[in-house]
Amino acid sequence: MANRIMLNQTSYHGTGAIQEIATEAKARGFKKAFVCSDPDLIKFEVTTKVTEVLEKAGLEYAVYSDIKANPTIQNVQHGVEEFKKSEADYIVAIGGGSSMDTAKAIGIIIANPEFEDVRSLEGVAPTTQPCVPIIAVPTTAGTAAEVTINYVITDVERKRKFVCVDPHDMPIIAVVDPDMMSSMPKGLTASTGMDALTHAIEGYTTKGAWEMTDMFHLKAIEIISRSLRGAVANEKDGREGMALGQYIAGMGFSNVGLGIAHSMAHTLGAVYDTPHGVACAMMLPIVMEYNAECTGEKYKEIAKAMGVKGVDDMSVEEYRKAAVDAVRQLSVDVGIPVKLDALKEEDLQFLAESAHADACAPGNPKDASIEDLKDLFRKLM
């Protein structure tokens, strides 16, 4: 079997990296940017840091901000209309997963108009053309959408999120500048950081994992574990560590998939509008306990990467518990709740069925039935 690795054509990392946006746009002959960024980033002038770079370089742009935290089919369809009106020839996506997922879907539909209903993009859609060129500028250290072939859209009418996996949606350029993340509030830093840790751990234990992606994921676990508390405290080293750690996690999981922590988080977000990172953080230790028997010695390496001492002297049961405990403690330390008050017993069947049908579920190291998923959701009550 051949293992495929797909990454950006180019990525820039470090303070001041956003200056390279103009360099790349000019080198590639781009004329006008369609800037996708959510309303809060525009309000707090985070988006302005990038548009000023474009202005100084004499590059035209139009701004699109009809983007929700959990982007919807309607957000995408409106964006397609606005892109056509703008006469832009590339996209600059500024923000977290919401802005980048919206940008990917817009870019795919512009290049493949037969998917304009958006729903038909679910799963691995048979698109034939690469999306409109995207320069991705993350403002959160968590989703790694700037280096993945995945995006998630919310179907409000059907109360579900659907995952799209498409090599044609990969941003051609990622610009990972820690300064763009410095204005993140503590809660968002914590939740997106735990999303990144979930990417790394699920990517490391998924059925599709292999040696190269294991290398990415273990390093990501190490960097995130030592950086997230500092990032929440708005320390420079913590911010820089999270910017790198989340990207490395994306290099891995985008190529091998995830598991049921993500499929369950997707349905919690669709039904209760739970922030994705919070949902992932709550589910991760619960799912790790469920998966433990199917992970061989991988929890030993997770525990080591998270800084647990004396792991080599532990039994299998001890190091597996140590890995789960380390994840749970990090989540508590950064302020993630352990229970979801909105969760109701009467919702469990729908939640479990939705999670079971989610594109991330098949990658889980242990096959989970709908009844298993109901039991796991119940642990949040």
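Everything below is about the structure printed above this text.
Residues numbered from 1 in each chain as written. Predicted model: local features only at pLDDT ≥ 70, side-chain atom pairs only at ≥ 80, totals over all residues. Heavy atoms only, no water.

K.L.:
Residues and numbers for the pattern of salt bridges, please.
P.N.:
A side chain of one charge can pair with a side chain of the opposite charge when the charged atoms of the two come close. This structure, assessed with the given rule, holds 19 salt bridges. The closest approach of N and O atoms between Asp 333 and Arg 229, which form a salt bridge, is 3.0 Å. Pair noted here: Asp 333 is in helix H12 (residues 316-333) and Arg 229 is in helix H7 (residues 211-232), with a separation of 104 residues, a long-range link. A relative accessible area of 38% places Arg 229 in the partly exposed class. The partner of Glu 289 in a salt bridge is Arg 328, with the nearest N and O atoms 3.5 Å apart. (Salt bridge = Lys/Arg side-chain N within 4 Å of Asp/Glu carboxyl O. Helix = DSSP H or I, 4+ residues; strand = E, 2+ residues; numbered from the N terminus. Buried < 20%, exposed > 50% of the residue type's maximum accessible area, 1.4 Å probe, protein only.)

K.L.:
Just give me the short version of the environment of Lys 49, but keep the residues and values in it.
P.N.:
Mapped onto the secondary structure, Lys 49 falls in helix H3 (residues 47-56). Its relative accessible area of 31% is what places Lys 49 among the partly exposed residues. For Lys 49, the residues in contact, after removing those within four places along its chain, are Ile 18, Asp 179, Met 180 and Ser 182. (Contact = heavy atoms within 4.5 Å.)

K.L.:
Talk me through the nonpolar core; I want residue IDs and the actual numbers.
P.N.:
Met 194, Leu 197, Ile 260, Met 264 and Leu 268 are the most contacted members of the largest nonpolar core, which totals 77 residues. Among the elements that make up this core, the one with the highest residue count is helix H10 (residues 276-291) (11 residues). Ignoring anything within four residues of it in the chain, the contact list for Met 194 reads Leu 228, Gly 277, Ala 281, Val 327, Leu 330, Ser 331, Val 334 and Ile 336. With 30 residues, the next largest nonpolar core counts Cys 36, Val 118, Leu 121 and Ala 125 among its residues. (Core = buried A, V, L, I, M, F, W, Y, C linked by side-chain atoms within 4.5 Å.)

K.L.:
Tell me about empty space enclosed by the protein, residues and numbers included.
P.N.:
Across all of its chains, the model carries three cavities of 30 Å³ or more by this definition. What the largest cavity holds in volume is close to 90 Å³. Contributing to the lining of the largest cavity are 13 residues, with Arg 160, Lys 161, His 266, Ser 354 and Asp 358 lying nearest its centre. Looking at the lining of the largest cavity, the elements that each hand over two or more residues are strand S7 (160-165), helix H9 (260-272) and helix H13 (348-357). Volume-wise, the second largest cavity comes out at about 40 Å³. Along the walls of the second largest cavity sit Ile 201, Glu 202, Thr 205, Leu 284, Val 287, Met 288, Asn 291 and Tyr 299, which together make up its complete lining. If you list the elements that add at least two residues to the lining of the second largest cavity, you get helix H6 (186-205) and H10. Counting residues per element, the lining of the second largest cavity draws most heavily on H10, which supplies four residues. Of the residues belonging to the lining of the second largest cavity, the class tally is five nonpolar, two polar and one charged. (1 Å grid on protein atoms, 1.4 Å probe; cavity = no way out; pocket = protein on both sides within 12 Å on 5 of 7 lines; lining within 4 Å. Points joined across faces, edges and corners; volume = space filled by probe spheres on them. Nonpolar A, V, L, I, M, F, W, Y, C, P; charged D, E, K, R; others polar.)

K.L.:
Outline the layout of surface pockets, listing residues and values.
P.N.:
As a volume, the second largest pocket reaches approximately 160 Å³. Listing elements by their share of the lining of the second largest pocket, those giving two or more residues are strand S6 (150-155) and H9. Here the residues of the lining of the second largest pocket sort into three nonpolar, four polar and four charged.

K.L.:
Give me the lowdown on the packing of H10 against H12, citing residues and values where you can.
P.N.:
The geometry of H10 relative to H12 is characterised by a closest axis approach of 9 Å and an angle of 170° between their N-to-C directions. Judged on the interaxial angle alone, H12 and H10 are roughly antiparallel. Packed against H10, whose contacting residues are Ala 281, Leu 284, Pro 285, Ile 286, Met 288 and Glu 289, the element H12 presents Ala 323, Val 324, Val 327, Arg 328 and Ser 331 at the interface. Across the contact of H10 with H12, the residue classes break down as eight nonpolar, one polar and two charged. (Axes fitted to C-alpha atoms, helices over the stretch in contact; angles between N-to-C directions. Parallel < 35°, antiparallel > 145°, perpendicular 65-115°, else oblique.)

K.L.:
So what's going on with H3? Which residues, and what values?
P.N.:
Of all the residues in H3, the buried ones are Thr 47, Val 50, Thr 51, Val 53 and Leu 54. The buried residues of H3 occupy an angular sector of 150° when projected down its axis, which confines them to one face. Where H3 is buried, its residues touch helix H1 (20-27), strand S2 (32-37), helix H2 (39-43), strand S3 (60-64), strand S4 (90-95) and strand S5 (134-138). Phi turns positive, to about 75°, at Gly 58, one or two residues after H3. (Arc of directions from axis to C-beta.)

K.L.:
Can you break down the side chain of Thr 102 residue by residue, with the values?
P.N.:
Take Thr 102: it is sitting in helix H5 (residues 97-111). With sequence-adjacent residues up to four places away left out, Thr 102 is seen in contact with Tyr 64, Ile 67, Pro 71 and Asn 75.

K.L.:
Provide a residue-level description of the packing of aromatic side chains, including the pertinent values.
P.N.:
Evaluation of the coordinates by the stated rule reveals three aromatic pairs. With a centroid separation of 4.5 Å and an interplanar angle of 20°, the aromatic rings of Phe 30 and Tyr 90 are classed as stacked. Separated by 60 residues along the polypeptide, Phe 30 in the loop between H1 and S2 and Tyr 90 in strand S4 bring together distant segments of the chain. A ring pair is formed by Phe 34 and Phe 83, whose centres lie 5.2 Å apart and whose planes are at 75°; its orientation type is edge-to-face. Taken together, the positions of Phe 34 in strand S2 and Phe 83 in helix H4 (residues 73-86) put the pair 49 residues apart, joining distant regions of the chain. Following the ring pairs from residue to residue traces out a cluster consisting of Phe 34, Tyr 64 and Phe 83. Its guanidinium or amino end placed over the ring of Tyr 204, Lys 298 lies 4.4 Å from that ring's centre, counting from NZ or CZ. (Phe/Tyr/Trp six-rings, centres within 6.5 Å; stacked < 30°, edge-to-face > 60°. Lys NZ or Arg CZ within 6 Å of the ring centre and 35° of its normal.)

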